[in-house]
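Okay, here's what each chain looks like letter by letter:
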Amino acid sequence: GESVGLHLPTLSVQEGDNSIINCAYSNSASDYFIWYKQESGKGPQFIIDIRSNMDKRQGQRVTVLLNKTVKHLSLQIAATQPGDSAVYFCAENTNDYKLSFGAGTTVTVRA
Amino acid sequence: GAGVSQSPSNKVTEKGKDVELRCDPISGHTALYWYRQSLGQGLEFLIYFQGNSAPDKSGLPSDRFSAERTGGSVSTLTIQRTQQEDSAVYLCASSLAPRGTEAFFGQGTRLTVV
């Protein structure tokens with residue numbers, strides 16, 4: 001499954017399929033980006049980060065892609081599992097120090 | 001401690017009362033953030049502390065909100081004369097450096113103003 005657009009709030013994906021969550025960031029001067037996962041009743045948890053001198057970074061089952069030309073960030077989750085159900089936020093580190101967060105995408109994994 | 005600790009985890013208060021929310025950051029982290037998250041919404045920046053520098057209060061929504069950080073460690077967010085629109089989850093985060101590093105979040109304080 002794939003979310004498109006700036007603020008598509010939900011993504012439903014079949015267990016075992018790959019998920020793609022998209023995020024458009026606002027500040028061309030941002031040079032550090034983070035994806036967070038937030039489960040119900042918990043604070044956001046770090047998933048993966050990427051710096052602007054990179055286009056791609058891989059972690060365990062997750063890949064982040066950065067397209068600076070169009071100011072677009074994506075998170076790919078391979079073989080989505082029920083435990084991946086959560087809200088996913090992208091965050092950008094602007095040219096000062098603030099981490100600015102996107103609106104978030106709710107991912108629901110269907111069994 | 002092992003992570004960012006916030007207290008209380010839940011707070012119910014009457015409209016017009018003052019509340020204090022506490023954050024214990026990870027030891028050694030110089031940067032500390034407060035965010036607010038309304039139900040089903042993203043994270044709204046409130047205030048930022050870095051070392052001994054003056055805090056950035058630009059995100060505080062009104063003068064009823066204030067925060068302090070004592071000794072470069074524990075932080076307290078105070079909301080005076082609470083209003084129903086203040087109901088939200090208040091999240092604290094800390095990071096090792098002012099930018100370019102991961103921010104670790106606490107579990108948050110769920111504030112309900114009745």
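Cut-off values and rules
- Residues numbered from 1 in each chain as written.
- Chains lettered and ligands numbered in written order.
- Predicted model: local features only at pLDDT ≥ 70, side-chain atom pairs only at ≥ 80, totals over all residues.
- Heavy atoms only, no water.
- Salt bridge = Lys/Arg side-chain N within 4 Å of Asp/Glu carboxyl O.
- Helix = DSSP H or I, 4+ residues; strand = E, 2+ residues; numbered from the N terminus.
- Buried < 20%, exposed > 50% of the residue type's maximum accessible area, 1.4 Å probe, protein only.
- Disulfide = S-S within 2.5 Å.

Draft legend 1. The arrangement of the pattern of salt bridges in detail. Applying the stated criterion across every chain, the model contains 8 salt bridges over all chains. Linking arginine 61 of chain A and aspartate 84 of chain A is a salt bridge whose minimum nitrogen-to-oxygen distance equals 2.9 Å. Taken together, the positions of arginine 61 of chain A in the loop between strand 5 (56–58) and strand 6 (62–67) and aspartate 84 of chain A in the loop between strand 7 (72–77) and strand 8 (86–93) put the pair 23 residues apart, joining distant regions of the chain. We classify arginine 61 of chain A as partly exposed; its relative accessible area is 30%. A salt bridge links arginine 36 of chain B to glutamate 44 of chain B; its shortest N-O distance comes to 3.1 Å. The class of arginine 36 of chain B is buried, set by a relative accessible area of 11%. Glutamate 44 of chain B gets classed as partly exposed once you look at its relative accessible area, which sits at 33%.

Draft legend 2. Geometry of the state of the cysteines. The final tally for this structure, using the stated rule, is 2 disulfides over all chains. Sulfur-sulfur distance for the disulfide between cysteine 23 of chain A and cysteine 90 of chain A comes to 1.7 Å. With cysteine 23 of chain A in strand 2 (residues 19–24) and cysteine 90 of chain A in strand 8, this residue pair connects regions lying 67 residues apart in the sequence. Of the two residues examined, cysteine 23 of chain A and cysteine 90 of chain A, each falls in the buried class. Note on cysteine connectivity: cysteine 23 of chain B is disulfide-linked to cysteine 92 of chain B, with sulfurs 1.9 Å apart. Between cysteine 23 of chain B and cysteine 92 of chain B, the S-S torsion sits near -65 degrees, and that sign places the bridge as left-handed. One end of the pair, cysteine 23 of chain B, is in strand 3 (residues 19–24); the other, cysteine 92 of chain B, is in strand 8 (residues 88–95), with 69 residues separating them in the sequence. Both residues of the pair, cysteine 23 of chain B and cysteine 92 of chain B, count as buried.

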